[in-house]
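# Summary of the model geometry
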Protein chains: 2
Amino acid sequence: MEVMRILHMNKGNGETSYAKNSIVQSNIISLGRRVMDEALKKLMIRNSEILSFGIADLGCSSGPNSLLSISNIVETIQNLCHDLDRPVPELSLSLNDLPSNDFNYIFASLPEFYDRVKKRDNNYESLGFEHGSGGPCFVSAVPGSFYGRLFPRRSLHFVHSSSSLHWLSQVPCGEVNKKDGVVITADLDNRGKIYLSKTSPKSAHKVYALQFQTDFSVFLRSRSEELVPGGRMVLSFLGRSSPDPTTEESCYQWELLAQALMSLAKEGIIEEENIDAFNAPYYAASPEELKMAIEKEGSFSIDRLEISPVDWEGGSISDDSYDIVRFKPEALASGRRVAKTIRAVVEPMLEPTFGQKVMDELFERYAKLVGEYVYVSSPRYTIVIVSLLRMG
Amino acid sequence: MEVMRILHMNKGNGETSYAKNSIVQSNIISLGRRVMDEALKKLMIRNSEILSFGIADLGCSSGPNSLLSISNIVETIQNLCHDLDRPVPELSLSLNDLPSNDFNYIFASLPEFYDRVKKRDNNYESLGFEHGSGGPCFVSAVPGSFYGRLFPRRSLHFVHSSSSLHWLSQVPCGEVNKKDGVVITADLDNRGKIYLSKTSPKSAHKVYALQFQTDFSVFLRSRSEELVPGGRMVLSFLGRSSPDPTTEESCYQWELLAQALMSLAKEGIIEEENIDAFNAPYYAASPEELKMAIEKEGSFSIDRLEISPVDWEGGSISDDSYDIVRFKPEALASGRRVAKTIRAVVEPMLEPTFGQKVMDELFERYAKLVGEYVYVSSPRYTIVIVSLLRMG
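Residues numbered from 1 in each chain as written. Chains lettered and ligands numbered in written order. Predicted model: local features only at pLDDT ≥ 70, side-chain atom pairs only at ≥ 80, totals over all residues. Heavy atoms only, no water.

Our focus in this paragraph is the overall build of chain A. Looking only at helices and strands, one finds twelve helices and nine strands in chain A. Looking at chain A alone, contacts between residues at least 24 apart form 82% of all its contacts between residues at least 6 apart. In the form shown here, chain A has an accessible surface area of approximately 16,400 Å², with 52% of it arising from carbon and sulfur atoms. (Helix = DSSP H or I, 4+ residues; strand = E, 2+ residues; numbered from the N terminus. Contact = heavy atoms within 4.5 Å. Areas by Shrake-Rupley, 256 points an atom, 1.4 Å probe, with all protein chains shown as cover.)

Let us look at the interface of chain A and chain B. Counting from both sides, the interface comprises 22 residues of chain A and, opposite them, 22 residues of chain B. Of all residues in chain A, Asn-104, Phe-107 and Phe-138 of chain A give up the largest surface area on contact with chain B, accounting jointly for 29% of the area buried on that side. Where Glu-90 of chain B meets Arg-149 of chain A, a salt bridge forms, and the shortest distance between an N and an O atom there is 2.9 Å. Where chain A packs against chain B, one counts ten residue pairs in polar contact (both at pLDDT 80 or more). (Buried area = accessible area lost by both parts, 1.4 Å probe. Salt bridge = Lys/Arg side-chain N within 4 Å of Asp/Glu carboxyl O. Polar contact = N/O pair within 3.5 Å; in protein donor to acceptor, adjacent residues only side chain to side chain.)

Further remarks concern the UniProt feature "site: Involved in substrate discrimination" in chain A. Residue and element names in this part refer to chain A. Mapped onto the present numbering, the UniProt feature "site: Involved in substrate discrimination" falls at His-160 and Leu-238. Turning to its location among the elements, His-160 is positioned in strand S4 (residues 156-162). A relative accessible area of 4% means that His-160 is categorised as buried. Those residues in contact with His-160, other than ones at most four positions away along the chain, are Met-36, Ala-56, Asp-57, Leu-58, Ser-69, Ile-73 and Val-234. With respect to the helices, strands and loops of the structure, Leu-238 is situated in strand S7 (residues 227-239). For Leu-238, a relative accessible area of 11% translates into the label buried. (UniProt positions renumbered as here; feature names shortened; annotations may be inferred. Buried < 20%, exposed > 50% of the residue type's maximum accessible area, 1.4 Å probe, protein only.)

Right, let's talk about the environment of Arg-116 of chain B for a bit. All names here are of chain B. Mapped onto the elements, Arg-116 comes out in helix H6 (residues 110-126). For Arg-116, a relative accessible area of 39% puts it in the partly exposed group. It is 9.0 Å that separates the C-alpha atoms of Arg-116 and Ser-71, two residues lying 45 residues apart in sequence.

Here we come to the layout of surface pockets. There is about 880 Å³ of room inside the largest pocket. The set of elements that each furnish at least two residues to the lining of the largest pocket consists of strand S1 (52-58), strand S2 (90-97), strand S3 (137-143) and S4 of chain A together with strand S1 (52-58), strand S2 (90-97), strand S3 (137-143) and strand S4 (156-162) of chain B. Within the lining of the largest pocket, the residues separate by chemical class into 19 nonpolar, 14 polar and five charged. (1 Å grid on protein atoms, 1.4 Å probe; cavity = no way out; pocket = protein on both sides within 12 Å on 5 of 7 lines; lining within 4 Å. Points joined across faces, edges and corners; volume = space filled by probe spheres on them. Nonpolar A, V, L, I, M, F, W, Y, C, P; charged D, E, K, R; others polar.)

Right, let's talk about the relation of the copies chain A and chain B for a bit. The relation between the two chain copies is a rotation about an axis coupled with a shift along that axis. Superposition record for chain A on chain B: RMSD 0.0 Å, screw rotation 180 degrees, translation along axis 0.0 Å. What the superposition gives is, in effect, a two-fold axis relating one chain to the other. When each C-alpha of chain A is compared by its distance to the rotation axis, Ala-141 of chain A comes out closest, at 2.5 Å. Take the interface residues of chain A: 100% of them recur as interface residues in chain B, which is what a same-surface contact looks like. (Least-squares fit on C-alpha atoms with pLDDT ≥ 70 in both.)

The backbone phi angle of Ser-61 of chain A is positive, close to 60 degrees, even though this residue is not glycine. Structurally, Ser-61 of chain A can be placed in the loop between S1 and helix H4 (68-84). Taking the relative accessible area as the measure of exposure, Ser-61 of chain A reaches 6% and is therefore buried. Positive phi outside glycine occurs at Arg-154 of chain B, with the angle close to 50 degrees. Within the secondary structure layout, Arg-154 of chain B lies in the loop between S3 and S4. The partly exposed category is assigned to Arg-154 of chain B, whose relative accessible area is 46%.

All names here are of chain A. In terms of burial, S7 is a largely internal element, twelve of the 13 residues being buried. Examined bridge by bridge, S4 and S7 share six bridges and lie parallel to one another. Residue pairing across strands places Phe-158 opposite Arg-232, the latter belonging to S7. (Pairing = 2+ DSSP bridges.)

With that out of the way, let us pick up the side chain of Ser-161 of chain B. All names here are of chain B. Relative to the helices and strands, Ser-161 is located in strand S4. A polar side-chain atom of Ser-161 sits 2.9 Å from the main-chain carbonyl oxygen of Leu-58. Not counting the four nearest positions on each side in its chain, Ser-161 is found in contact with Asp-57, Leu-58, Val-234, Leu-235 and Ser-236.

The next subject is helix H10 (residues 287-297) of chain A. Residues and elements named next belong to chain A. Where H10 is concerned, the buried positions are Pro-287, Glu-289, Leu-290, Ala-293, Ile-294 and Glu-297. Relative to the axis of H10, the buried residues are bounded by an arc of 165 degrees and lie together on one face. Turned more than 90 degrees away from the buried face of H10 sit Glu-295 and Lys-296, all of them exposed. Buried residues in H10 make contact with helix H7 (202-226), S7, strand S8 (300-311) and strand S9 (380-390). A positive phi of about 90 degrees marks Gly-298, the residue just after H10. (Arc of directions from axis to C-beta.)

Moving on, we come to the side chain of Asn-47 of chain A. Residues and elements named next belong to chain A. The topology assignment puts Asn-47 in the loop between helix H3 (33-46) and S1. Residue Asn-47 is classed as buried on the basis of its relative accessible area of 10%. If we skip the residues at most four places from it in the chain, Asn-47 touches Phe-53 and Arg-86.

In this section: the packing of aromatic side chains. The full count for this structure, using the stated rule, is 40 aromatic pairs over all chains. Ring centres of Phe-113 of chain A and Tyr-114 of chain A lie 5.8 Å apart, and the angle between their planes is 65 degrees; this geometry places the pair in the edge-to-face category. With relative accessibility at 0%, the residue Phe-113 of chain A sits in the buried group. With a centroid separation of 6.4 Å and an interplanar angle of 90 degrees, the aromatic rings of Trp-167 of chain B and Trp-254 of chain B are classed as edge-to-face. In this pair, Trp-167 of chain B is assigned in the loop between S4 and strand S5 (176-179) and Trp-254 of chain B in helix H8 (residues 248-266), connecting sequence segments 87 residues apart. Owing to a relative accessible area of 9%, Trp-167 of chain B belongs among the buried residues under this scheme. (Phe/Tyr/Trp six-rings, centres within 6.5 Å; stacked < 30°, edge-to-face > 60°.)

Moving on, we get to the pairing of S3 of chain B. All names here are of chain B. Most of S3 is tucked away: seven of the seven residues are buried. Two strands pair when backbone bridges link them, and S2 and S3 are joined in this way by seven bridges, in the parallel orientation. Among the inter-strand pairings, Asn-96 is bridged to a residue of S3, identified as Val-142.

Moving on, we come to the packing of helix H11 (residues 328-354) of chain A against helix H12 (residues 359-376) of chain A. Residue and element names in this part refer to chain A. Look at H11 against H12: their axes get within 7 Å of each other, and the N-to-C directions meet at 140 degrees. Our classification of the angle between H11 and H12 gives oblique. In terms of crossing hand, the pair formed by H11 and H12 is right-handed. Tallied by class, the residues present in the contact of H11 with H12 amount to 16 nonpolar, three polar and eight charged. (Axes fitted to C-alpha atoms, helices over the stretch in contact; angles between N-to-C directions. Parallel < 35°, antiparallel > 145°, perpendicular 65-115°, else oblique. Left-handed = near helix turned anticlockwise from the far one by under 90°.)

Pasting the structure below:
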């Protein structure tokens, strides 16, 4: 399974599209905003002489959220410059995602984006602020994998990424044996599951963790070359709070999807061995794993590392003892919404293995399973938010 | 008519698509290559210390030519670095076109492009050249009009544009009268025509020339801010060699298209007044007009300015007294090919005014008219190629 080809959100504007089902991701962007604003403030204060800032949003996807992050960034910088009484610098804003992402969709809303930026700027001017006329914004798209170089050396001052770094560059391979120079990759022996689970063998845990370490190191090394010293990076993505990668917060959305798939297999609609062979190119990392990778790579210092629980619809959970009591119809409706959100993201991944024609049935069953689960439990994701400083 | 919205080539991969009908544009890129290579050589020799080059191709369109120019640029730089025995710098390659351009189409062939660049680089290495391992290339897309700023200040070293600058930012407006503060724009009174013609009133000549001067000045001013001093720019586009904008080399492709439209109007298939009101956002400039605009703007010196005739299928014409004697079926076949090339470019422009359903008939008639003309004449376009140096 080539991740480059199958890792993209559901296209277009239809009922199952990512564009129509991306509120969770939008909420995660909002959740990270405070940390992002703080990082931007430190960046702006330290770099008062720079006239042109290079900014990148990695894994922008294509939907209403695609311009949300850079829109927030521009707004924060405009406000900061106003507070600091200095002109807004030129902003070069790069949107990155894999080449299969629907960039045309984003470009169609660019004229409106530019209008909005300009209008906000004019508001300042009409209020009599000296530096109302801000520097221009230049939006570009950079198609490619962020697990590798994307930008020229020292061309960036700020990197942002939300809801993307939980995707791996590839499905982890099983243990590798070299026999007479021949490399043999075993499968993960992850029967009846599509991600790490209580029943997964320890070897699967190992290769998943290793794949994350490898990928995240390449990510950091690439960004360390692209960022100027003193540059900053704010990353938020799905992770976990406990060392165990098989607690419910880490994997239960996949567990239920595996259950839905298995129910189809039991009825002979799909092949059970296809489920055994399929593993998601996903990893929910723990803060400790993150710290380890960052320290090992050595170019970045951690300015802030937070974990934040959100419910499965992306709602923020302030109280740790949070528990929602739902009536059954409400829980089932929530299940349908959650299933739609997840379908918009994972359908392109599942289709090549299980076929397009079972998708409706699969996600109907999944919606029911999620609904039942939401009724008896209060499931949550753990969002990891990390703010990094490029040292040197 | 909003040029931003209607100026894009025919999309997709079908029979009438630009992707399938863009050999003329490809030939024009080849025609300009010698001048481009010369400019790159001067640039590289003068800037031996620069580790990262910013390069832009403006009006890249979407089709097999979209990556041709930047591919040529990378090849030339790799060869030059080999000759000069120095490492290949990092290359930031920006592809620009209007937001309605099909960028997804280009991105789909990017992995192949990167492979090709890498392979060429490896060839050098395998031949034992020291600097085989070249700096990486970073391709990005910058959607927007080149009649305005697109890039941060002094971020570019080389700008290229082929077959694009004959398109204006808007259809020129007729004479403007201010009466009691009310602006009245008259139409061009260009009856039965869709571009400048022998029958066009002098006022139409004036506003077309003025629109070109305005647009080209904005283009130069924008690029002068984006290019570093010493940066270079090579532009090639359809122009004319004579001062008169109504000679056949300047406008006859539009003249015949107007004839085809008028024949439809005579039969009541379309409205004649729609033809009267329609004017193409196009201008074939003369070398004198170019020089005037460049001198007036003042940031660039002209390193080279050439005009080069090509036949209507993009074939280079070496002998000025060139005349092809064609048999009738050959001429008609040529007419069909020329009509397809032009349809791929102007159909999105004509459709909103004349309707989608007349397009097949229109271009069938056009193909016949072009065929007849090609039989009795040897029509040609004049390609203007200009190489500019950013002074300062």
